[in-house]
Amino acid sequence: MDVEGNLRDRSEQKVEKRHRGKLYLLSEVSAWEDKGTGLVSIIAADEGKRLIVRDENSDVLLHDRPVLPNDDCYRLQGEGAAKSILVWEDVGLEKDCALSFQDAESAQEIFSELCGEKAKRLLPFPEVEHLPELARALTFVLPSQKEALA
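Each value, and the rule that gives it
- Residues numbered from 1 in each chain as written.
- Predicted model: local features only at pLDDT ≥ 70, side-chain atom pairs only at ≥ 80, totals over all residues.
- Heavy atoms only, no water.
- Pairing = 2+ DSSP bridges.
- Helix = DSSP H or I, 4+ residues; strand = E, 2+ residues; numbered from the N terminus.
- Axes fitted to C-alpha atoms, helices over the stretch in contact; angles between N-to-C directions.
- Polar contact = N/O pair within 3.5 Å; in protein donor to acceptor, adjacent residues only side chain to side chain.
- Contact = heavy atoms within 4.5 Å.
- Phe/Tyr/Trp six-rings, centres within 6.5 Å; stacked < 30°, edge-to-face > 60°.
- Buried < 20%, exposed > 50% of the residue type's maximum accessible area, 1.4 Å probe, protein only.
- Expected span 1.5 Å × (residues − 1).
- Arc of directions from axis to C-beta.

**Comments concerning the sheet that holds strand E2 (residues 32–45)**
- With respect to topology, 7 strands assemble into an open sheet ordered E4-E3-E2-E1-E7-E6-E5, the strand pairing being antiparallel. The open sheet has two edge strands, strand E4 (61–66) and strand E5 (75–79), and neither has a second partner. Strand-to-strand twist across the sheet, computed as the mean angle between neighbouring axes with direction ignored, equals 35°.

**Details of the pairing of E5**
- Of the strand pairs in this sheet, E5 and strand E6 (residues 82–90) are connected by 4 bridges, and their pairing is antiparallel. Residue pairing for E6: leucine 76 is matched across the bridge by leucine 86.

**Details of the side chain of arginine 50**
- By the secondary structure assignment, arginine 50 is in strand E3 (residues 48–55).
- Of note is the side chain of arginine 50, whose polar atom sits 3.2 Å from the side chain of glutamate 47.
- At 2.6 Å, the side chain of arginine 50 and the side chain of aspartate 64 are in polar contact.
- Look past the residues within four positions of arginine 50 in its chain and what remains in contact with it is Ser41, Ile42, Ile43, Ala45, Asp64, Arg65, Pro66 and Val67.

**Remarks on the packing of aromatic side chains**
- Counted according to the given criterion, the structure contains 1 aromatic pair.
- Between tyrosine 74 and tryptophan 88, the ring centres sit 5.8 Å apart and the planes meet at 45°, which makes this aromatic pair tilted. Here tyrosine 74, found in the loop between E4 and E5, pairs with tryptophan 88, found in strand E6; they are 14 residues apart in sequence, far enough to count as distant.
- By relative accessible area, which is 1% here, tyrosine 74 ends up buried.
- Using a relative accessible area of 4% as the deciding quantity, one classes tryptophan 88 as buried.

**A word on helix H2 (residues 104–115)**
- Compared with the 16 Å implied by 1.5 Å per residue over 12 residues, the 16 Å span of H2 between its first and last C-alpha is a close match.
- Every buried residue of H2 is accounted for by Ser106, Ala107, Ile110, Phe111, Leu114 and Cys115. Each buried residue of H2 sits inside an arc of 145° when the element is viewed along its axis, so together they form one side.
- In this fold, the buried residues of H2 make contact with strand E1 (19–26), E2, E5, E6 and strand E7 (95–101).
- You can read the cap of H2 off the contacts: a side-chain oxygen lies 3.2 Å from the backbone nitrogen of glutamate 105, and it is on aspartate 103.
- After H2 finishes, the residue glycine 116 shows a positive phi value of roughly 60°.

**Describing unusual backbone geometry**
- Its identity as a non-glycine residue notwithstanding, serine 30 has a phi of 60°, on the positive side.
- In this fold, serine 30 is placed in the loop between E1 and E2.
- Positive phi, normally seen in glycine, also occurs at glutamate 94, with a value near 55°.
- Note that glutamate 94 resides in the loop between E6 and E7.

If you want it as structure tokens, here you go:
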């Protein structure tokens, strides 16, 4: 058995599923604290999926928490279509958390993996900043799409 080749293969597999992001936690004085930049991944564990962030230089574990069961916990934020920030409230930590990704594609991939089918919403989340987009989308709904939007 080629142990060195096996380790290299495992390492390459891990890198393919990781995305570079910066982790923030909201402090008690409502300021975002930078916890470090790392590689973000979602792993399957015995008790379910876990959201993992490892420091990009030292491989130190920055964040290791279970994926929250409520799909609506996770939100994508950002300017226009470039939504590159993932935010959520971690009830176990009693903290608001955020991951800022280098690109919107990485944020969307992690969001999709966290939320599954709910990540493929036809409408944006009902927030004040989305009202014009929601109004436009709901005004011009094709009859074939009405049930999917309900």
